Amino acid sequence: MNETIIESGNTCPISGIWKVTGTYTTTAAVSENSKMPLYGGVKVQWILLYKC
């Protein structure tokens, strides 16, 4: 299975539930074509958990 990973500030390629990679994580629902959010004011990498 190919993982979809994208950095904060880039355009979201797929609507879904995304999770921050790393020690401290959170999840967020992000819509396709919207900007991937920062986490704690910092750029992070997001991994797609579920397509919506």
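Residues numbered from 1 in each chain as written. Predicted model: local features only at pLDDT ≥ 70, side-chain atom pairs only at ≥ 80, totals over all residues. Heavy atoms only, no water.

Q: Give me the overall build of the chain: which residues, what numbers.
A: Helix and strand counts for the chain stand at zero helices and four strands. Expected size for 52 residues packed as a compact globule is a radius of gyration near 10 Å; at 10 Å, the chain falls within 12% of this value. Dimensions of the chain, computed from C-alpha atoms along their principal axes, come out at roughly 25 × 25 × 15 Å. Per-residue burial over the chain gives 23% buried out of 52 residues. The contacts in the chain between residues at least 6 apart in sequence include a share of 53% that link residues at least 24 apart. For the chain, the computed accessible surface area is about 3,700 Å², with 49% contributed by carbon and sulfur atoms. (Helix = DSSP H or I, 4+ residues; strand = E, 2+ residues; numbered from the N terminus. Rg over C-alpha atoms; globule rule 2.2 N^0.38 Å. Buried < 20%, exposed > 50% of the residue type's maximum accessible area, 1.4 Å probe, protein only. Contact = heavy atoms within 4.5 Å. Areas by Shrake-Rupley, 256 points an atom, 1.4 Å probe, with all protein chains shown as cover.)

Q: Can you break down the sheet that holds strand E3 (residues 27-30) residue by residue, with the values?
A: The four strands are arranged E1-E4-E2-E3 in an open sheet whose pairing can be described as antiparallel. Across the chains shown, the open sheet's two edge strands, defined by having one partner strand only, are strand E1 (5-7) and E3. Between one strand axis and the next, the sheet turns by 40 degrees as a mean value, whatever way the strands run. For strand E2 (residues 16-20) and strand E4 (residues 45-51), the ladder comprises five bridges, and the chain directions are antiparallel. (Pairing = 2+ DSSP bridges. Axes fitted to C-alpha atoms, helices over the stretch in contact; angles between N-to-C directions.)

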